[in-house]
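# Structural description and commentary
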Amino acid sequence: SEVVFTGIFSIEFILKVVAFGVWSGPDAYFRRYLNVLDCLVLAAFWFSVLNIGDAQGIQSLRLIRIIRLFVRVEAFARVRASYEGLCAAKGEIVAVIMLLILILLPFIGFSMQLFGGLYNDCNDPMAAGIEDCMGVFLAAPKGVSQ
């Protein structure tokens, strides 16, 4: 599958370079920084497919693939608008999360007081009470000595 995606991205690169040009023209391929990033990601794909370089270097180049997702976000207007809306509303989102936490905290405390210790159980048959039970007791299967 990696070879297929590399081939698709290579065809996309070639079509864009043929359509827009490399350097000359107002819409030239390398005049936009996102296209330069695309080219770097494509190079990382090819390094990975052809196993060029050491394994550590290939692994670090694979991280560049994640950046391609952010490049694609720029391409889709709706996704970009949603992303910008989320970024603009981050203060309100944090406020709502804090409000939910403040509302839930009293119920958490009440539940701890109501049910705290109710479900304590010790599966150690040698323990006299819950105070003697330390950690989790694991019994050996029958016929197996410890």
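Scroll up to find the structure this text is about.
For clarity, every value in this text was computed on a predicted model and none was experimentally measured.

### Quick word on the overall build of the protein chain
Looking only at helices and strands, the protein chain features six helices and zero strands. Going residue by residue from the N terminus, the α and β elements of the protein chain occur as α-α-α-α-α-α. Among the 146 residues that make up the protein chain, the fraction classed as buried is 14%. Taking the contacts inside the protein chain whose residues are at least 6 apart along the sequence as the reference set, 38% of them involve residues at least 24 apart. Put simply, the protein chain shows about 11600 Å² of open surface, and 70% of that area lies on carbon and sulfur atoms.

### Brief notes about helix H2 (residues 33–50)
Between its first and last C-alpha, H2 extends 26 Å over 18 residues, near the 26 Å set by a 1.5 Å rise per residue. Residues Leu34, Asn35, Asp38, Val41, Leu42, Ala44, Phe45 and Ser48 constitute the buried set of H2. The buried residues of H2 occupy one face: seen down the axis, they fall within an arc of 170°. When the buried face of H2 is taken as reference, the exposed residues oriented beyond 90 degrees from it are Tyr33 and Leu50.

### Details of the environment of Asp38
Relative to the helices and strands, Asp38 is located in helix H2. C-alpha separation for the pair Asp38 and Phe13, spaced 25 residues apart in sequence, amounts to 8.2 Å.

### Some details on a nonpolar patch on the surface
Side chains of Leu86, Ile93, Val94, Ile97, Met98, Ile101, Leu102, Leu104, Leu105, Ile108 and Met112 sit close together on the surface and give an oily, nonpolar patch of about 1100 Å² of accessible area. With ten residues, helix H6 (residues 90–115) is the single largest residue contributor to the nonpolar patch. The residue Met112 is located in helix H6 in this model. Looking at Met112, the relative accessible area reads 56%, which means it is exposed.

### A word on the packing of aromatic side chains
For the structure on display, the rule yields four aromatic pairs. An angle of 90° between the planes, with centres 5.1 Å apart, marks the rings of Tyr29 and Phe30 as edge-to-face. Classification of Phe30 by relative accessible area gives partly exposed; the value is 22%. By the ring-pair criterion, three or more aromatic residues cluster together here, those being Phe13, Trp23, Tyr29 and Phe30.

### Quick notes on the side chain of Thr6
Inspection of the secondary structure puts Thr6 in helix H1 (residues 2–20). Excluding residues that lie within four positions of it along the chain, Thr6 makes contacts with Leu42, Phe45, Trp46 and Val49.

Cut-offs used in this document
- Residues numbered from 1 in each chain as written.
- Predicted model: local features only at pLDDT ≥ 70, side-chain atom pairs only at ≥ 80, totals over all residues.
- Heavy atoms only, no water.
- Helix = DSSP H or I, 4+ residues; strand = E, 2+ residues; numbered from the N terminus.
- Buried < 20%, exposed > 50% of the residue type's maximum accessible area, 1.4 Å probe, protein only.
- Contact = heavy atoms within 4.5 Å.
- Areas by Shrake-Rupley, 256 points an atom, 1.4 Å probe, with all protein chains shown as cover.
- Expected span 1.5 Å × (residues − 1).
- Arc of directions from axis to C-beta.
- Patch = residues over 30% accessible without salt bridge, like charges linked within 9 Å, V, L, I, M, F, W, Y side chains within 5 Å.
- Salt bridge = Lys/Arg side-chain N within 4 Å of Asp/Glu carboxyl O.
- Phe/Tyr/Trp six-rings, centres within 6.5 Å; stacked < 30°, edge-to-face > 60°.

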